[in-house]
Amino acid sequence: MAKFGLACEGITDHIVIENILCGFYRGYDDLDGEIQAFQPAYDETTKKQKEDQYGGWEMLLEYLSEKRFRDNVLNSEYVIVQIDTDISDHTNFGVQKDTSCIETYINNISTKLIESIDKQEEFYEENKDKIIFAISVHSLECWLLTIYNKDEINNCLKRLQREEKNLEVIKNYNSYDKLSKPFLKKNNLVKCIAKNKSLEFFTNSLPTI
């Protein structure tokens, strides 16, 4: 049984979340071995998405409505569901992009994710203690920007590319693993959490293990 299963938009999100977890639970030995990628699945050797697996927010919503997700939740201690909010006002998502109150905005996104979870049958209420939402406003790159003492929620990928002087910021597993390495140190992570409300909201929802 996995300690944490990850359901994300893509594999770059997987590794960032994994490094956050390993930094947050710094005293938990070999936690990375107890973290499993559910959506989308990727090859552990090549660190690339499997050919028959598809990422993106629409595939994530579809996965949440499937029996596969329900089985994964039941066979894991916790499942983390990650999504960027840059698409929230898309017709097929339908949540107004209003960040005047980040907590309210995140709760509105969570409600939409719960609707997908309960699309086929009611499941969330009985299992909500095992399901954790990692909602990055407006993208996971905004969480990475906190490493550079930046509190931004817009155009974060481009800003990250400008800030990072030593690494090439490209959308692949190895690049994002290197970029998020500072999260592995608890002191660094705590400082970053203080700079971003949605990162703080996520880490505050993590269980004591």
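The structure under discussion appears in the preceding block.
Residues numbered from 1 in each chain as written. Predicted model: local features only at pLDDT ≥ 70, side-chain atom pairs only at ≥ 80, totals over all residues. Heavy atoms only, no water.

Given a rise of 1.5 Å per residue, 14 residues ought to cover 20 Å, and the 20 Å separating the end C-alpha atoms of helix H1 (residues 11-24) matches this to within 8%. Burial within H1 is extensive, with 13 of its 14 residues counted as buried. (Helix = DSSP H or I, 4+ residues; strand = E, 2+ residues; numbered from the N terminus. Expected span 1.5 Å × (residues − 1). Buried < 20%, exposed > 50% of the residue type's maximum accessible area, 1.4 Å probe, protein only.)

Tallied over the full model, the rule gives twelve salt bridges. A salt bridge links Glu 77 to Lys 3; its shortest N-O distance comes to 2.9 Å. One end of the pair, Glu 77, is in strand E3 (residues 76-84); the other, Lys 3, is in strand E1 (residues 2-7), and 74 residues separate them in sequence. Among the residues examined, Lys 3 registers a relative accessible area of 10% and is labelled buried. When the shortest N-O distance is used, the salt bridge between Glu 163 and Lys 150 registers 3.9 Å. With Glu 163 in helix H7 (residues 156-163) and Lys 150 in the loop between helix H6 (140-145) and H7, this residue pair connects regions lying 13 residues apart in the sequence. (Salt bridge = Lys/Arg side-chain N within 4 Å of Asp/Glu carboxyl O.)

Attention now goes to unusual backbone geometry. Geometrically, the link from Gln 39 to Pro 40 is a cis peptide bond, its omega value of -15° lying close to zero. With an omega of -15°, the peptide bond between Val 137 and His 138 qualifies as cis. Mapped onto the elements of the fold, His 138 is located in the loop between strand E4 (131-136) and H6. Positive phi is not limited to glycine here, since Asp 30 has a value of about 55°.

Moving on, we come to the pairing of E3. A large share of E3 lies buried, amounting to eight of its nine residues. Pairing of E1 with E3, which is carried by five bridges, proceeds in the parallel orientation. Across the sheet, residue Gly 5 finds its bridge partner in E3, namely Val 79. Examined bridge by bridge, E3 and E4 share six bridges and lie parallel to one another. Bridge pairing in E4 places Val 79 opposite Ile 131. (Pairing = 2+ DSSP bridges.)

Bringing the state of the cysteines into the picture now. A full pass over the atoms with the stated rule returns one disulfide. What pairs with Cys 142 in a disulfide is Cys 156, and their sulfur atoms sit 2.1 Å apart. Between Cys 142 and Cys 156, the S-S dihedral sits near 95°, and the bridge is therefore right-handed. Pair noted here: Cys 142 is in helix H6 and Cys 156 is in helix H7, with a separation of 14 residues, a long-range link. For the pair shown, Cys 142 and Cys 156 are each scored as buried. Cys 101 takes part in no disulfide bond, and the closest cysteine sulfur, belonging to Cys 142, lies 17 Å away. Since its relative accessible area comes to 35%, Cys 101 is described here as partly exposed. Take Cys 192: it sits in no disulfide, and the sulfur closest to it among the cysteines is that of Cys 142, at 13 Å. (Disulfide = S-S within 2.5 Å.)

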